[in-house]
Each structure stands twice: as structure tokens, then as C-alpha cells.
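Survey of secondary and tertiary structure
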Amino acid sequence: VPPDAREQVTALYQAHALSLVRLAKIMLGDQSAAEDVVQDAFLGLYRKWPSLRDRDRALGYLRASVLNACREAHRSATRRARALLRAPAAPDIVSAEESALIGEANREVMAALRALPTRQREAVVLRYYLDLNEVQAAQAMNVSRGTVKSATSRGRTALARMLKEDQ
Amino acid sequence: VSIDNRIRTAIGATAATVREIPPLALPPDPRPARPGRLPVRRPRRGWSGWLIPVAAAVAVIAVAATLVAVRTVSGPAPHGVGQPGPATSGVAANPNQVPAYYAVITKPTAATPADLTIAETATGKPLFTIKPPQNTSFGSVTAAADDRTFVVSVAPLPSDLSLPMVVVGWDLLRVNPGAAGYTLRRLSIPAMPRKTLLGGLALSPDGTELAALFDSDPAATEPFEGAATLRIYSVASGQALHTWQSVSKQTLTALGANSGASGTVAWLANGHGLAFVWDATEHTGQNLWKVTPEVWRLDLAKPPGTDLLAGSTPVVMNPTGVFAGGAWVNGICSRLYATADGNGAVCGTESMLAVPNGTTDCQATLPPLAFRAYSGDGSYRVLYTVPSAKAPKGKCVDGMASVLWASPSGSTLVGVVSTALVSGSLDLGPFTSVVGVLAHGRWTPLPIHVQLSQVVELAF
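Read on for a plain summary of the structure. Everything numeric here is computed off the predicted structure, so don't read it as measured data.

Cut-offs applied
- Residues numbered from 1 in each chain as written.
- Chains lettered and ligands numbered in written order.
- Predicted model: local features only at pLDDT ≥ 70, side-chain atom pairs only at ≥ 80, totals over all residues.
- Heavy atoms only, no water.
- Helix = DSSP H or I, 4+ residues; strand = E, 2+ residues; numbered from the N terminus.
- Buried < 20%, exposed > 50% of the residue type's maximum accessible area, 1.4 Å probe, protein only.
- Contact = heavy atoms within 4.5 Å.
- Areas by Shrake-Rupley, 256 points an atom, 1.4 Å probe, with all protein chains shown as cover.
- Axes fitted to C-alpha atoms, helices over the stretch in contact; angles between N-to-C directions.
- Parallel < 35°, antiparallel > 145°, perpendicular 65-115°, else oblique.
- Left-handed = near helix turned anticlockwise from the far one by under 90°.
- Pairing = 2+ DSSP bridges.
- Expected span 1.5 Å × (residues − 1).
- Polar contact = N/O pair within 3.5 Å; in protein donor to acceptor, adjacent residues only side chain to side chain.
- Phe/Tyr/Trp six-rings, centres within 6.5 Å; stacked < 30°, edge-to-face > 60°.
- Lys NZ or Arg CZ within 6 Å of the ring centre and 35° of its normal.
- Core = buried A, V, L, I, M, F, W, Y, C linked by side-chain atoms within 4.5 Å.

Quick word on the overall build of chain B
For chain B, the count of helices and strands is three helices and 26 strands. When burial is assessed residue by residue, chain B has 58% of its 460 residues classed as buried. Within chain B, contacts between residues at least 6 apart in sequence are counted, and of these 56% link residues at least 24 apart. Split by element, the accessible area of chain B, about 17,500 Å² in all, is 55% carbon and sulfur.

Quick notes on the packing of helix H7 (residues 118-128) of chain A against helix H8 (residues 134-141) of chain A
Residues and elements named next belong to chain A. The N-to-C vectors of H7 and H8 enclose an angle of 135°; their axes lie 10 Å apart at closest approach. Accordingly, the angle class assigned to the pair H7 and H8 is oblique. Between H7 and H8 the crossing geometry is right-handed. For the pair H7 and H8, contact is made by Arg119, Glu122, Ala123, Leu126 and Arg127 and by Glu134, Ala137, Ala140 and Met141, respectively.

Points about the pairing of strand E1 (residues 101-106) of chain B
All names here are of chain B. Burial analysis of E1 places five of its six residues in the buried class, the great majority of the element. Bridge count between E1 and strand E2 (residues 116-120): five bridges; the pairing is antiparallel. From the neighbouring strand, tyrosine 102 faces E2, where its bridge partner is alanine 119. Here four bridges tie E1 to strand E26 (residues 455-459), and the two strands are oriented antiparallel to one another.

As for helix H2 (residues 31-48) of chain A
An α-helical turn contains 3.6 residues, so a residue and the one three or four places further along point in the same direction. Residues and elements named next belong to chain A. The first and last C-alpha atoms of H2 sit 26 Å apart over 18 residues, in line with the 26 Å expected at 1.5 Å per residue. Here H2 has its buried residues at Ala34, Val37, Val38, Gln39, Asp40, Ala41, Phe42, Leu43, Gly44, Leu45 and Tyr46. Its side-chain oxygen at 3.1 Å from the backbone nitrogen of serine 32, aspartate 30 defines the N-terminal cap of H2.

Quick word on unusual backbone geometry
For A:Asp131, which is not glycine, the phi dihedral falls at a positive 55°. By the element assignment, A:Asp131 lies in the loop between H7 and H8. Phi is positive for B:Asn135, which is not a glycine, with a value near 65°. Its location among the elements puts B:Asn135 in the loop between strand E3 (126-130) and strand E4 (136-143).

A look at the environment of B:Thr142
Residue and element names in this part refer to chain B. Checked against the element boundaries, threonine 142 lands in strand E4. When its relative accessible area of 1% is taken as the criterion, threonine 142 is described as buried. Measuring from C-alpha to C-alpha, the distance between threonine 142 and alanine 459 comes to 7.0 Å, with 317 residues separating the pair along the chain. A polar contact is formed between the side chain of threonine 142 and the backbone nitrogen of leucine 203, at a distance of 3.2 Å.

Considering the packing of aromatic side chains
All names here are of chain B. Applying the stated criterion across every chain yields a total of six aromatic pairs over all chains. Centroid distance tyrosine 374 to tyrosine 380: 5.3 Å. Interplanar angle 50°. Geometry classified as tilted. For tyrosine 374, a relative accessible area of 4% corresponds to the buried category. What makes tyrosine 380 partly exposed here is its relative accessible area of 33%. One aromatic cluster is present, formed by Phe371, Tyr384 and Trp443 through successive ring pairs. Arginine 372 extends its terminal NZ or CZ atom over the ring of tyrosine 380, reaching a point 4.1 Å from the ring centre.

Considerations on the nonpolar core
A:Leu23, A:Val38, A:Phe42, A:Val66, A:Leu113 and B:Ile11 are the most contacted members of the largest nonpolar core, which totals 60 residues. It is helix H1 (residues 3-28) of chain A that contributes the most residues to this core, twelve residues altogether. Residues in contact with A:Leu113, not counting those within four places in the same chain, are A:Ile26, A:Arg121, A:Val124, A:Val125, A:Leu159 and B:Ile11. In this structure, B:Val346, B:Leu383, B:Trp443 and B:Leu446 belong to the second largest nonpolar core, which totals 30 residues.

Spelled out as C-alpha cells, the structure:
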């Protein structure tokens, strides 16, 4: 690892880690797991730093790494979403403080979001939360741009239907 | 409150609950590759492909629509599967028979380029494996109907950040008679224009022309309204014979294909036209699109034009799933496969883990996997329903069915059914894929064993 790797990766962490943990928490619903995912992503970046061809795109690499790790927990997240919908106040899922912060209506949306298939969920979050353009989202998801479009559209449609069903 | 605002507000509120995070913990040794110096981390599950869920993983395979058929059927092959026979040129004698060979392209890494393996469908036995030229990787593959001729796209070695389906060259692969070796030579078909991605690929039944479909400018800034291009090349000369572009505000994309391109375009069995899968995309607002999958047919006998839609006829429109009662009640097509008769499409379905009503009874809630045949009005008939897998208590079964190859009428197809047990913890069950032949409502597994997580294309 070149001498500047530690310094540069640390600088990237200071600049972007918070938003990446937030992204992971949106995907996973659990801050501890989100922090772990992001730590792993930066560690991976540190290891690959010498072979990274385009360091200006390190943030894209980190986003993709975080999403990959979140996919690993995808099934768990889906189960959590089901649990949320069945028992929204489950204390092991959402703390009282957090429940108050997020609000019932928002929690309902988040539960629906986490019930989406992984690709749709990722696409919706990347577009709505990070405001990534199509190319950036495709790079983060490692899919084609058409897939981003399709997944975003389908995810939005499914969310609308789900939330309408619940009203 | 609009749904868009509800989504943004909810996501923003959730993100705002993260207020502080721990500092970065890098290993103390500046040479982290040295054994024993890295901090011990929680082990990852073995199958990295599960990082891509079932739906994505099977899409990554990017199943191929090719028309390899054989003259003879004999021996203990599964029902309807061809056996390798003498080389023939021209159109196969019976295009309804399952191809005798299939091609597998492995998943490349930055250090390891993708290999191409040709194997026997009936036995799963590999015939040979080809390494790509130096500093390149194989990307996609398509086959002619003579059971001997393949065209392989050559891609650059992937970097960590690269997207798949960049094409820097094209190779022609011919399997020698009796499958005794092969010849491989570079075609003079030009590389795809810079910053384009291959979305569809099909070799004509007689192997003389190659149809390639690509997005013209994937790096364009949004809103994207650029044209997609369908081009036919002469295999012999490499010259572009015809070019069409989507001139409307719609974008042509491969439906659900992450990589691989052979399933999106199909030559009609008579060689006089092409069928292609289209994600009709309507820009409905900032960063929002309405996407509708469709199948169109391009008649090459008509006077050649340049407008892809104007020269084509819609075949299957809007074959989407049905969402009711809080769940997808019939699943959606994982991927459409345009049939070579130009009259329809077939697909497998994905079970969709969207279960918003919170039930834990997965078996009763998730729609069963099935293979379907769509006709022109968007209606479909079920060709086969995959028997529901039994899940242990506390677990569910999720999965996806995809079509790998279909006869021109869609009456016979090769598909893959991928399922996995899903539990409530991070401990996910093993991922199982079965490749089989579906004919006359009968599903016959094939002895083809591939690690889907290590494959980018499985082409028949």
C-alpha cells in the first residue's frame, strides 16, 4: 500500500462515511450493521488502493461496495420489513426514540421500501436519496442503465401500490 | 402528498437518524496483505453471488437466445435434446430441437479474464475452453443454426469500476466436425463505438450476418433521450449492412439484463427479420421513468429505413405482472425471450419477495415460479408451473425462472430454475439452479451444473 493510501482513504472516510452509513442504514434499517458495512468498504478500498485505476472514482467504488454488502443482508432486511409491518413497534427493530424521529408515516414508507426486491430498492434509494444520475446509479449497482430505469420505475410503482393498499 | 415526496421524506428522515459514526479503523500495518496482520473480521458467506439476489444473479447470466439445432437425436439424451453430429452449413434440419452445444462465459475479474467453454447439452461434458486474447476478456456469445458457428464479443479486461458489455472486437468460433477442436479468428466487424454498451446480439440462422443492438451513449447526462442502435453486419466483410435507430424519446434497453446480450435480439427462423425486446421508456418527471417491456418484430423484406420503430411491428405489449391485495399475485417475467416465429415471447417468472402484508407464510404468499408463453395481446398461458419447494419451518423459498433458449414457436424451451432458502438471519441457505428442457408441459432436468455466481453468460 503506498504511503499516501492511509491519508487519502482516511480523508475519503471523513468526507463520505456519514452519507454512506446513512445509505446503508436506509438499505438495512440497522445502524450497527450499516457502520460495519461501511468500515468493510473502506478497508477494501484501502487494500485495493494501489490497483485502483481511477482514484477520482473512489466514491463510486465505495457506493458499489456498500450496496454489495447490503445485498448480503437483503433477505434479512426483507424479513425485518415483514416484521415491521406485522408489528410496527417491535422494540428490537426500531427504538422508541428512532420511531419518534422517523414518524409513523415515514416508517410505513420505509417498511414498504424494504419489502421491494433488492434491485428496485437500491435504484429507488440511489435516485431519491442520493440523487444519482442514471449512469452513476448503474455504476453503483453494477447494472446497465436500462436496468436502473426499469428498477426505479417498477419500484416506484410498487411502492405506490403498496402504500395505497395500506391506507 | 405525492408518492415521490413521501419516498423522499421517509428516506431523508431515516438518514437523519444517523448523527455520528465511529472513526475509520484501518489495519496498523501499511502492508495489509501480509498474513496474520489483518484484524479478524466477521466471515462472509461463501457464495459471493448471493450478493446479487436471485433475480439479479440469473439476469447476470444473461441467458442467450440462439438457434443451434442438430440433425439427429439418438442415445440416452434427455427428451428433445440434440446430439452432436456432423457439421452442417446452413439452416438446421429441425429448429425445434434443443441445441446440442451450449456456451458458458465465466465471470471475469480485474486479474482473470473470462473464459469461453463449449459443452454438450445432453451430457454437460465440456468440449474445450478458450482463453481470450491477451489483455481482453470474452463478453457475450451467440450461435448460428448450424450447430457449429458462434460469434463471441471481446471485451476489455474489467476494472473495479467498469461496466460490462463494452465490445472491442469480435471473434468467429467454429467447432470442428465431430467436435474435434475448433478454429477461432478475429472478424473485421468494427468495435462498438466508444462509450456504448452491447444490449443485444444474434447471429443469423445461416451464420452470415450479425445483429448487434447497443445503447448509443450510455454516458450521456440526464435526461437521457439518446437513440439506441440496431445494426446488421456482414460476418464475412465486417461491413455494416443496415442500421436503425430509435428516434423517439424512448430508449431501447435489454430487459433486466445486467450483462450478456444474446437474449434480447432473435433472428426470425426464416432469416427475413428480427424480433427484439424493448423496454419502452417514458420520461415522466425528474429522474423518473415509466418502463414497459415490449417485443417488436423488424421485417427485413420491407424497404430499409433508419427508424427502428417505424420499420417494426409490435408483437407483445406490456406483459407485466398483477399487483393486488398487497402483493404480486402472479409474479412478473424475469426476462422476456422473443421467439423466432416473430409472433410472441416466452419467459420465466420471479417470485418477488415483496410481501407487504407481513405474512410469514411464504408458501402461500409468494407466487409460484412458472414459464409462460405470451401472445400478441399481452395475454399469456402457463407452460409449466414449478412445483413449490418445501421449506423448513421458519424459512421461505425465493427464486426465479428464466428462459435460456426457445424453439421458434416457443413450444420447446431450455430454462433455468434458481431457488434459495431464505431465513430471517444473515445465514442464507444455499442457492440451487437446475437447467432443464420444457416440452409439452414436461420438465426434464439436464446434467448441466454451473455455478451461476461465476458465470456471466450461459448460451444455447
